[in-house]
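# Fold and geometry: a report
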Amino acid sequence: MSTTTEQQNNNELIMLKERFPHINENKLTRVLQRHGGDFDKVCARLSQREARCNKWESLETRFGPAITTIQQDHPSMQSFKRLRLLKTMERFDGDVEKFNNFIQKVEGRRRHKNRDTSISRRQQRDELKTKYASQLAQLATSGINVDRPGVLRLLEKHEGDINKVIEINSRRTGRKEKFAELDTKYANQIAQLEAEGLSMKNKRVLARLLEKSNGDVDVAKQLIQERKEKHFRRKEYRCKHRSTSPMLTTQDGNETVSKCRKRHDFNSDDHENLAKLRSAGVHGNPRRILAIFHECNESIELTQARIQEERDRRFRHREERVSKRTLLADVHNAYITINQREDWPRDIEQVYLDGNNMMFVVNSLRRLCLNRAGDKTERAIGEIAAAWNQQMHIPNIELIFDSTRQLDQIDTVKVTSAQPKYRTTDDMLVDLARRPENHEKNKRTIVITSDQGLAVLLQREGCLLVKPYNWFAHCVMVLTPDLINYEEITGMMTTESSPTTVKIRYNFDELVHRIANIDI
């Protein structure tokens, strides 16, 4: 068996020597061994290397003397790699003037980026240590290794915010500990997968997939295969949409260059047209301008009108987006915040509850809806509203649904269906708010809804707004205050001066269980 393998390797080596006679035999042997005797892979790798060498020689032959002359005239170009200069010269088809202009721009950006090169990294670190000396001392007290360069970078990035640095550090430490735990937990499974040839460069991904599959190797194999297929489809999509013809052959016939390298090239007519358009005041992306210019039958006047029309349209869309964001921000601020029982406004005469909008706030009610028990959900909301109004004594409360068959009044709560007169609850509420007899009453009317579009319309009519979550919270405050839980949350720093905030949590599910006798 070993004799057959040795004979095969010798045959492959002979074929490689015939194909690449200029490469040393020892080097060919090493390349074959490195790739496990895969002849096709070795040929592809050597062909690629040969193409690069041929291209280098071709560029050196075409543009080498010009590059040497330019480097002699401009000593600052000595710092540039010669291959980069050759490729840049190829991009401009040997035009020395364009080449010089491009290199000057690159040098300008480099000087701007490295304008503080006189200051060494050590000096910069010393300056940051002096600037954030007190913060570094507090971080060291918290157990963070302040000698790491990343700590200074985080302090500079977040303007000395210690809590932010501690939060990021604890998050990173937690991730490292979690992955170390997963590596230890699934060491046998990882070894088994690697033995079967399913290794991955990022071992964390492998551990994460095993955690997702609860350590089941077969399920992990399936997840790995799905991941590879997903990456292949993504790569295929990029290749398809970025370049339909990725390689182009030059006139020499031997060189192949990427289409991306050629897509910025313009012919002399394009340059002349661009110059005319620039002189006429048309500016922007050259390719886009030329495309519009050709679509307008190469008329400069039509091109100007077309571009101005597109700019006006973009400006209008931008103004509409800004006004919409501003309006939504105003509506958000218009909602009444209820943190205590006394925050409910006084002298309220009418409350409308958007029933369909309230069905998915409480977990138990949401599960009822998902289990196709919408009737029970509607009844539960009505009973909670009735119990709440027994304490609030509001003259008129109306619970409105898009479509419901339960129209019986629940104590003081009137249940209404928007259909068939209206299409939705939103249409009904807007119509009620716009009626002339209700213009004065709207100031003493509250609508319970989280629909932003509806809230915009109701705010214009002068109605007050409360979100369903806040209304359920007020129900807990009024009916079952023992279901309010206060949690103290301390900042990331474990010092006496750390700020402490109180988080209020409401047990809505227990409220529904007590009032409506629903437990799901």
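Residues numbered from 1 in each chain as written. Predicted model: local features only at pLDDT ≥ 70, side-chain atom pairs only at ≥ 80, totals over all residues. Heavy atoms only, no water.

### A look at the overall build of the protein
Condition: Strands here are runs of E lasting at least two residues and helices are runs of H or I lasting at least four, both read from the DSSP assignment and numbered beginning at the N terminus. Exposure is judged per residue with a 1.4 Å probe applied to protein chains only, and the accessible area is read against the type maximum: over 50% gives exposed, under 20% gives buried, and values in between give partly exposed. Contacts are residue-level and defined by heavy atoms, with any inter-residue pair within 4.5 Å sufficient. Methods summary: accessible areas were calculated by the Shrake-Rupley approach with a probe of 1.4 Å, and residue burial reflects only the protein chains presented.
Scanning the protein for helices and strands turns up 23 helices and nine strands. The burial tally for the protein puts 33% of its 520 residues in the buried class. Considering only residue pairs separated by 6 or more positions, the protein has 51% of its internal contacts joining residues 24 or more positions apart. In the form shown here, the protein has an accessible surface area of approximately 33900 Å², with 47% of it arising from carbon and sulfur atoms.

### Examining helix α3 (residues 39–73)
Test applied: Multiplying 1.5 Å by the helix residue count minus one yields the expected span of that helix. The angle separating two fitted axes, one through the seven residues that finish at a residue and one through the seven that start at it, defines the bend at that residue.
Across its 35 residues, α3 extends 48 Å between first and last C-alpha, which sits within 8% of the 51 Å expected from 1.5 Å per residue. Of all the bends in α3, the largest measures some 60 degrees and sits at F63, one to four residues before the proline P65. All buried positions along α3 are accounted for by V42, C43, L46, K55, S58, L59, F63, G64, I67, I70 and Q71.

### Comments concerning a positive patch on the surface
The condition is simple: In this analysis, a patch consists of residues with relative accessible area above 30% that form no salt bridge, clustered at 9 Å for like charges and at 5 Å for the nonpolar side chains Val, Leu, Ile, Met, Phe, Trp and Tyr. A pair is scored as a salt bridge if a Lys or Arg side-chain nitrogen falls within 4 Å of a carboxyl oxygen belonging to Asp or Glu. Counted charges follow a simple rule, with Lys and Arg positive, Asp and Glu negative, and His plus the chain ends left uncounted. Where a charge lies is defined by one atom per residue type: Lys uses NZ, Arg uses CZ, Asp uses CG and Glu uses CD.
Together, R148, R153, K157, K164, R172, R175, K176, K178, R204 and R208 make up a positively charged patch on the protein surface. For the positive patch, the secondary-structure elements that each account for two or more residues are α8 (149–157), α9 (162–185) and α11 (203–212). The element contributing the most residues to the positive patch is α9, with five residues. With respect to the secondary-structure elements, R204 resides in helix α11. The class of R204 is partly exposed, set by a relative accessible area of 38%.

### Here's the deal with the confidence of the model for the protein
Put simply, the test is: You can read pLDDT as the predictor saying how much it trusts each residue, on a scale of 0 to 100.
Chain-level pLDDT for the protein is 81 on average; 89% of the residues reach the 70-or-more range. Note that pLDDT drops below 50 for residues 243–263; the model gives that stretch 29 contacts with residues more than four away or on any other chain. Below pLDDT 50 for its whole length, residues 492–498 participates in eleven contacts with residues either more than four positions away or in separate chains.

### Some thoughts on the environment of E487
Tracing the chain through its elements places E487 in strand β8 (residues 484–490). Distance from E487 to R505, taken between C-alpha atoms, is 7.6 Å for residues 18 residues apart in sequence.

### Here's the deal with the sheet that holds strand β3 (residues 350–354)
To keep things clear, this is the line we draw: When DSSP locates at least two bridges between a pair of strands, those strands are taken to pair. Note on geometry: axes are C-alpha line fits, over the in-contact stretch for helices, and angles between N-to-C directions span 0 to 180 degrees.
Within the open sheet, the five strands sit side by side as β5-β4-β3-β6-β7. Their pairing is parallel. Edge strands, defined here as strands with exactly one partner in the open sheet, are β5 (413–417) and β7 (464–466). Going across the sheet, the axis of each strand differs from the next one's by a mean of 25 degrees, ignoring polarity. The pairing of β3 with strand β4 (residues 396–401) spans five bridges and is parallel. Bridge pairing links Y352 to E398 in β4. Helix α22 (residues 468–479) rests against β3, β6 (445–448) and β7 of the sheet, and its axis sits at about 75 degrees to β7.

### Comments concerning the packing of aromatic side chains
Centre distance and the angle of the planes are the two values used to describe a pair of aromatic rings. Test applied: Put simply, two rings from Phe, Tyr or Trp (the six-membered ring, in Trp's case) pair if the centres are within 6.5 Å, and we call them stacked under 30 degrees between planes, edge-to-face over 60, tilted for the rest.
In the structure shown here, the tally under the stated rule is eight aromatic pairs. Arranged with centres 6.4 Å apart and planes meeting at 75 degrees, the rings of Y469 and Y506 form a pair that is edge-to-face. Here the residue Y469 occupies a position in helix α22, and Y506 occupies one in strand β9 (residues 500–506), the gap between them amounting to 37 residues. The buried category is assigned to Y506, whose relative accessible area is 15%.

### Points about the nonpolar core
The condition is simple: Here the nonpolar core consists of buried residues drawn from Ala, Val, Leu, Ile, Met, Phe, Trp, Tyr and Cys, with membership extended through side-chain atoms lying within 4.5 Å.
Counting 44 residues, the largest nonpolar core has W344, V351, L353, I448 and W471 as its most contacted members. Going through the elements one at a time, β3, α18 (363–370), α19 (374–392), β4, β5, β6, α22 and α23 (508–516) are the ones with two or more residues in this core. The leading source of residues in this core is α22, at seven residues. What W344 contacts, discounting residues up to four positions off in sequence, is I338, V351, W388, M392, I394, I446, I448, V466, W471 and H474. With 18 residues, the next largest nonpolar core counts Y422, V430, V456 and L458 among its residues.

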